[in-house]
Each structure stands twice: as C-alpha cells, then as structure tokens.
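# Observations on the model geometry
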Amino acid sequence: MFEIPKLEVRKIAAMPRRGVFALAMTAVLAVGMMAGSAARAQTVPSSQAIDFITKAGNQLVAVINQGADSPARRQALQAIVNRDVDISGVAKFCLGRFWRTATPAQQQDYVNVFHAVMMRSLTANLGDYQGVTFTVGQTLPRSDGGVAVQTVLTRPNNAPNNVQWVVINVGGALKVGDVIVEGTSMKLTKRNEYASYLQNNGNDLNALIAALKAQSAGS
Amino acid sequence: MPGEARRWFLPTLMSVLLAGAFFLTGCATKPTDPDDLAAYNEADDPAEPTNRVIYKINDTLDTYAMRPLAEGYRAITPQHLVREPIHRLLVNAESPVLFGNDLLQGKPRRAAATFWRFVVNSTLGLGGLFDVAAKAGVKAHDADFGETLALWGVPDGPFVELPVYGPSNPRDAIGRCVDFAMDPLTWIGNGAAYTDARWVRGGVTGLDQRERMLDTMDAIKKTSLDPYATIRSLYRQNRDSSIDALRGHDDP
C-alpha cells in the first residue's frame with residue numbers, strides 16, 4: 001500500500017516544537033559583545049553548574065513572564081544573555097575555519113550581526129514561552145571540561161522538552177556554551193548551516209555577513 | 001493496481017529511487033583543499049547535488065500541499081479532544097513493529113512494556129485513544145529498524161534525501177522498508193475495504209506527523225540561511241543521540 005507522504009522522518013518529529021527550538025537556538029546564539037574569550041577547558045564542578053543554571057533560568061523565566069514585549073523587557077533579556085552566554089566562543093565556533101582567515105574587521109562585523117540576528121529572534125519567540133517552568137535534573141561531564149545540565153522545560157499545552165545546557169568556565173566565569181535540545185546541539189547545527197551557506201557562496205565570508213544583516217533587518 | 005502489487009509498491013519505489021540517487025545522478029566532486037575536504041567529510045553528503053534537487057521537490061510539495069493540509073487540520077480540530085487521541089491511536093497501531101524491534105534489539109523489558117501497553121491501551125484505552133498505560137507508569141518509547149540495524153553495527157552511511165519522506169540515510173531508509181513489512185496491518189485483510197482503510201491510515205499518519213512538525217519547520221525556514229543543511233544536521237544529530245541513548249539503555 002502506498003502511504004501518504006510524510007515530509008519528515010519519525011525521529012525528526014521527535015524534535016522540539018517551535019518554541020523550544022527557537023528559544024534554544026537563539027539562547028545559544030544570542031551573542032552579545034563579549035570581547036576576547038579567555039582560556040578554555042577548565043573543569044566545572046557539577047554543583048556549581050546546577051546553581052548557575054537554576055539562577056539564570058529563574059531570571060529568564062521571570063523576564064519571560066513579565067508580559068508583553070517592551071524595551072525594558074528586551075534590556076533585561078539582553079543583560080542575562082550577555083552575562084551568562086559565552087558569546088564570542090559560540091560565534092567563533094559557528095564560523096568554524098572561516099574565523100581564522102577572517103580579517104579583524106570581518107570578525108567584528110560578523111559578531112555584531114550575529115548578536116543582532118539572535119536577539120531579534122529571541123525576542124520574537126519569547127511570547128510562546130508564557131507560563132514556562134523548568135526542572136533541573138542530572139549533570140553529565142563533558143570531554144571539554146564543561147558540564148551538561150539536564151533540564152525539562154514544560155509549557156502549558158505542550159509536551160515537555162529535554163534540554164541540556166552546557167556550562168563551561170570562561171576565564172573564571174561560568175557561561176552557557178551550548179544548548180542541546182532533544183540530542184541536537186544548537187551551535188553545531190548553526191555551524192553546519194553556515195558552512196553549507198559559505199560552501200555554496202564561494203566561501204565568501206562577506207556574503208554570509210550580508211545574509212545575516214538581511215536577516216537581522218527582518219527580510 | 002491489484003492489492004498484492006500495491007503492497008510492494010512503496011518499498012519497491014523507495015529502493016528504486018534510492019538506487020537512482022546513488023548511482024545514476026550527479027555526485028559532488030571531492031574538493032582537494034584540505035579545509036574544504038574536511039568540511040566535505042563532515043557533511044558526509046556525496047550525493048548533495050541530487051539530494052538538493054529532491055529536497056526542492058519535497059519542499060515545493062510541502063509548501064503547496066502538505067503544509068496547508070496540516071494547517072487546515074490544526075485549524076479545524078481541537079488539540080486535546082481530537083488530535084492527541086488520533087495521534088495516540090496511530091502510535092498504538094504501530095505497537096507490533098515496536099515490539100518486534102524491541103526484541104531484535106535485545107531489550108526484553110522494553111518488549112514486555114510494549115506488549116503490556118498495547119494490550120492495556122487497546123482495551124481500556126479504547127483502541128489507543130487514551131494512553132492508560134502511561135498513566136499507570138509504563139511510558140511510551142520509540143524503536144525502529146534503523147536503530148536496530150545501528151545496534152547491530154550497521155553504519156548509517158551518507159546522507160540521503162528521500163523523495164517525499166525527507167532526510168534519511170541508507171540504513172534508516174532500509175529500516176523504514178523493514179518496519180513497513182513488519183507491520184501486520186500491511187498484510188492483514190483482503191479487499192477494497194482493507195485497502196481503503198490502509199489509505200486512510202497512511203493519510204492520517206502523514207497529516208498527524210506534519211501537523212506536529214508545523215512549528216519546528218516554520219522556525220527552521222525562518223531562521224536558517226540554508227534549511228537543507230540545517231535539517232541534514234538536525235536529522236543526523238537526533239538519530240545519533242537516540243542510538244547512543246539506546247546503547248546506554250540497560251535492559252538485560
């Protein structure tokens with residue numbers, strides 16, 4: 001018998017729905033302007049990682065439930081992201097090998113627009129998170145010295161989502177270095193996307209930057 | 001098409017298309033630059049030009065047919081009263097395939113859970129409309145033959161975009177065909193009524209799965225500069241992580 005088309009494959013269906021996907025994608029990628037990422041690969045004790053995620057998560061939930069979008073809410077959001085996300089680290093990772101060959105001006109340009117795109121996307125999707133709650137579960141050590149903190153996000157009328165927050169030590173401060181949603185690393189996904197875009201656009205970093213600028217302008 | 005032929009239509013079609021994708025049409029040229037080569041290997045998508053063509057066709061089909069249908073389905077049916085019970089019904093009907101894979105994966109406890117869930121939900125749960133078993137503490141899990149092959153040591157192979165079905169790889173594509181053949185509902189019954197019922201089940205399954213993907217797919221399209229590459233990456237990571245979880249899953 002011939003089944004009616006299913007566009008996606010069953011396992012992709014296990015992927016999170018819009019909200020979590022977008023929030024996680026943007027949370028990781030919401031890159032603020034943190035100049036110079038410091039030394040890496042310091043071990044993070046799991047109790048510290050749990051405290052860090054619990055605190056940041058509670059603050060984020062408070063901002064989300066503040067109500068409608070407003071300049072104040074955006075600022076509060078940006079403050080949390082800038083403080084708790086390893087912005088430059090994520091940006092660098094997503095550019096992969098192209099970071100090395102970029103000029104300092106291109107790097108700066110790229111990080112700026114990266115930040116703009118992600119903050120925009122984050123604020124656009126926050127409304128879907130009204131009423132979100134989270135529970136913090138176990139931690140898993142990672143080979144890079146970081147720790148993945150498992151959480152379950154629950155939103156009204158949605159199936160719960162498993163989200164892992166990778167906590168790393170950047171120059172003595174704990175930061176979120178990646179978000180893993182239902183087994184998919186958001187920063188790896190982003191890097192693959194950029195790599196493919198660059199490959200199809202003559203490995204021209206300026207083309208990527210222009211495309212990101214168009215995205216951040218809302219086109 | 002006579003019933004017997006129709007049963008084999010889908011698997012045959014898929015194999016032919018799969019073979020076509022591999023052998024008949026364009027493959028990407030391997031880059032010589034070491035950095036480019038590393039990127040090429042990471043993508044593991046030697047048939048990318050062909051895959052992208054298929055993706056484009058799938059995407060067009062989706063934009064003009066599947067997605068609007070799924071949106072309509074969402075618009076006219078209440079989530080808790082209609083869509084979720086229907087989803088549970090479809091999931092329950094797949095229990096025999098799940099059970100078979102649990103056993104083939106050497107997970108007797110999971111197989112027992114699947115069996116028990118099927119019995120309880122088919123009776124007390126009114127054919128699966130209600131997940132009574134989960135309320136009693138026996139939660140649902142997934143299993144498919146692609147995973148089973150992975151546990152047996154079969155590598156996934158390069159990325160493949162299947163016509164209509166979307167992202168896959170040779171291992172998972174074969175897994176799909178085996179799951180289809182393993183399903184008693186593929187074989188039970190003869191005659192027009194059964195054939196119609198199979199069409200309806202297939203149609204509703206497609207609708208259900210697409211509806212559940214609406215938000216995710218919309219988000220990918222909105223945020224990705226290259227949705228094909230994003231979906232390829234997500235598919236592979238998601239499969240790898242569920243297979244890893246399965247490997248770590250202790251079931252004597």
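Anything mentioned here points back to the structure above.
Residues numbered from 1 in each chain as written. Chains lettered and ligands numbered in written order. Predicted model: local features only at pLDDT ≥ 70, side-chain atom pairs only at ≥ 80, totals over all residues. Heavy atoms only, no water.

## A look at the pairing of strand β2 (residues 147-154) of chain A
Taken residue by residue, a regular strand's side chains alternate between the two faces of the sheet. Residues and elements named next belong to chain A. Stated formally: At least two DSSP bridges between two strands are required for those strands to pair. Where helices and strands are cited, they refer to DSSP runs of H or I of at least four residues and of E of at least two residues respectively, numbered from the N terminus.
In this structure, strand β1 (residues 133-141) lies alongside β2, joined through seven bridges in antiparallel fashion. Bridge pairing in β2 links Leu140 to Ala148. What sits between the antiparallel neighbours β1 and β2 is a turn of five residues, in which Gly145 has the positive phi angle 90°. Taken together, the seven bridges between β2 and strand β3 (residues 161-170) define a ladder with antiparallel strand orientation. Considered in β3, the bridge of Ala148 is made with Val166.

## With respect to the packing of aromatic side chains
Heads up, the rule is: The aromatic pairing rule takes the rings of Phe, Tyr and Trp, using the six-membered ring of Trp, and pairs them if the centres are within 6.5 Å, calling planes under 30 degrees apart stacked, those over 60 edge-to-face and the rest tilted. Between buried and exposed lies partly exposed: a residue is buried under 20% and exposed over 50% of the maximum accessible area for its type, with that area taken using a 1.4 Å probe on protein chains only. Charges are assigned to positions over rings by a cutoff of 6 Å between ring centre and Lys NZ or Arg CZ, combined with an angular limit of 35 degrees from the ring normal.
Tallying each qualifying case throughout the model produces seven aromatic pairs over all chains. Both rings, one in Phe99 of chain B and one in Phe115 of chain B, keep their centres 6.0 Å apart while their planes meet at 50°; by these two values the pair is tilted. Placement of the pair is Phe99 of chain B in helix α5 (residues 95-104) and Phe115 of chain B in helix α6 (residues 108-123), with a sequence separation of 16 residues. The partly exposed category is assigned to Phe99 of chain B, whose relative accessible area is 29%. Through pairs of rings, three or more aromatic residues link up here, namely Trp99, Tyr110, Phe114 and Tyr194 of chain A. Sitting over the ring of Tyr129 of chain A, Arg155 of chain A keeps its end group 4.8 Å from the ring centre. Directly above the ring of Phe93 of chain A sits Arg191 of chain A, whose terminal nitrogen or CZ lies 4.3 Å from the centroid.

## Some remarks on helix α9 (residues 205-216) of chain A
Note: α-helices contain 3.6 residues per turn, so residues at a spacing of three or four share the same orientation. To keep it simple, the criterion reads: In a helix, the anticipated span is given by 1.5 Å times the number of residues less one. Note that the arc is defined by the directions from the helix axis to the C-beta atoms. The contact criterion used throughout is that any non-hydrogen atoms of two residues lie within 4.5 Å.
Here α9 of chain A spans 17 Å end to end across twelve residues, near enough to the 16 Å set by a 1.5 Å rise per residue. The complete set of buried residues in α9 of chain A reads Leu205, Leu208, Ile209, Ala211, Leu212 and Gln215 of chain A. Taken around the axis of α9 of chain A, the buried residues stretch over an arc of 160°, which confines them to a single face. The elements touched by buried residues of α9 of chain A are α5 (87-95), α6 (98-101), α7 (104-125) and α8 (186-199) of chain A together with α11 (192-223) of chain B. Gly218 of chain A sits one or two positions beyond α9 of chain A and adopts a positive phi of about 90°.

## With respect to the nonpolar core
Condition: Buried Ala, Val, Leu, Ile, Met, Phe, Trp, Tyr and Cys residues that are joined via side-chain atoms within 4.5 Å together make up what is termed a nonpolar core.
Among the nonpolar cores identified, the biggest contains 38 residues, and Ile53, Leu77, Val167 and Val179 of chain A are the most heavily contacted of them. Elements with a minimum of two residues in this core: α3 (46-64), α4 (71-84), α7, β2, β3 and β4 (173-181) of chain A together with α11 and α12 (227-248) of chain B. Excluding residues that lie within four positions of it along the chain, Val167 of chain A makes contacts with Val44, Ala49, Phe52, Ile53, Gly146, Val147, Val149, Leu174 and Lys175 of chain A. Counting 22 residues, the second largest nonpolar core, distinct from the first, contains Val90, Ala91, Cys94 and Val111 of chain A.

## Focus on the environment of Thr43 of chain A
Mapped onto the secondary structure, Thr43 of chain A falls in the loop between α2 (18-29) and α3. By relative accessible area, Thr43 of chain A is classed as exposed at 66%.

## A short note on a nonpolar patch on the surface
In plain terms, the rule: Surface patches are drawn from residues lacking salt bridges whose relative accessible area is over 30%; two like charges belong together within 9 Å, two nonpolar side chains (Val, Leu, Ile, Met, Phe, Trp, Tyr) within 5 Å. Note on areas: Shrake-Rupley with a 1.4 Å probe; residue coverage comes only from the protein chains shown. A pairing counts as a salt bridge when a side-chain nitrogen of Lys or Arg comes within 4 Å of a carboxyl oxygen of Asp or Glu.
Side chains of Val53, Ile57 and Leu61 of chain B sit close together on the surface and give an oily, nonpolar patch of about 260 Å² of accessible area. Examined against the element boundaries, Leu61 of chain B turns out to sit in helix α3 (residues 48-76).

## Structural notes on the sheet that holds β3 of chain A
The five strands are arranged β1-β2-β3-β4-β5 (chain A) in an open sheet whose pairing can be described as antiparallel. Edge positions in the sheet fall to β1 and β5 (184-185) of chain A, since each has one partner strand and no second.

## Structural notes on α8 of chain A
Residue and element names in this part refer to chain A. For α8, built from 14 residues, the straight-helix expectation of 20 Å at 1.5 Å per residue is met to within 8% by its first-to-last C-alpha distance of 20 Å. Counting buried positions along α8 gives ten out of 14 residues, so the element sits mostly inside the fold. Of all the residues in α8, the buried ones are Met186, Lys187, Thr189, Lys190, Asn192, Glu193, Tyr194, Ser196, Tyr197 and Leu198.

## Brief notes about the layout of surface pockets
How we decide: Two kinds of site are reported from a 1 Å grid over the protein atoms alone, namely cavities, where a 1.4 Å probe fits but cannot get out, and pockets, open sets with protein on both sides within 12 Å along at least five of seven lines, and residues are called lining when an atom falls within 4 Å of a point. Grid points are joined across faces, edges and corners, and a volume is the space filled by probe spheres set on the points. Charged means Asp, Glu, Lys or Arg here, nonpolar means Ala, Val, Leu, Ile, Met, Phe, Trp, Tyr, Cys or Pro, and polar covers whatever is left, Gly included.
When its volume is computed, the second largest pocket comes out at roughly 660 Å³. In terms of lining residues, the second largest pocket is bounded by 32 residues, among which Ala195 of chain A together with Ala39, Tyr40, Glu42 and Ala43 of chain B are the most central. Elements supplying a minimum of two residues to the lining of the second largest pocket: α5 and α8 of chain A together with α2 (34-43) and α12 of chain B. Sorting elements by how many residues they give to the lining of the second largest pocket places α8 of chain A first, with eight residues. Looking at the lining of the second largest pocket residue by residue, the classes come out as 14 nonpolar, eight polar and ten charged.

## Some remarks on the packing of α11 of chain B against α12 of chain B
Residue and element names in this part refer to chain B. This is how the line gets drawn: Axes here refer to lines fitted to C-alpha atoms; in helices the fit is confined to the stretch in contact. Angles between the N-to-C directions go from 0 to 180 degrees. Angle categories are assigned with fixed cut-offs, so that under 35 degrees is roughly parallel, over 145 is roughly antiparallel, 65 to 115 is roughly perpendicular, and the rest are oblique. Throughout, a crossing is termed right-handed when the near helix is turned clockwise from the far one, and left-handed when it is turned anticlockwise from it by less than a right angle.
Viewed as axis vectors pointing N to C, α11 and α12 meet at an angle of 130°, and their least axial separation amounts to 9 Å. What the angle tells us is that α11 and α12 run oblique. The way α11 lies across α12 gives a crossing that is right-handed. Taking contact as the criterion, the partners of Met217, Ile220 and Lys221 in α11 are, on α12, Pro227, Thr230, Ile231 and Leu234. A class-by-class count of the residues in the contact of α11 with α12 yields five nonpolar, one polar and one charged.

## Examining the pattern of salt bridges
All names here are of chain B. Counted by the stated rule, this structure contains 22 salt bridges over all chains. Notably, a salt bridge pairs Asp172 with Arg171, separated by 3.1 Å at the nearest N-O pair. The pair formed by Asp172 and Arg171 is uniform in burial state, with each residue classed as buried. Each of Asp45, Glu48, Arg52, Asp226 and Arg232 takes part in one network of salt bridges that share partners.

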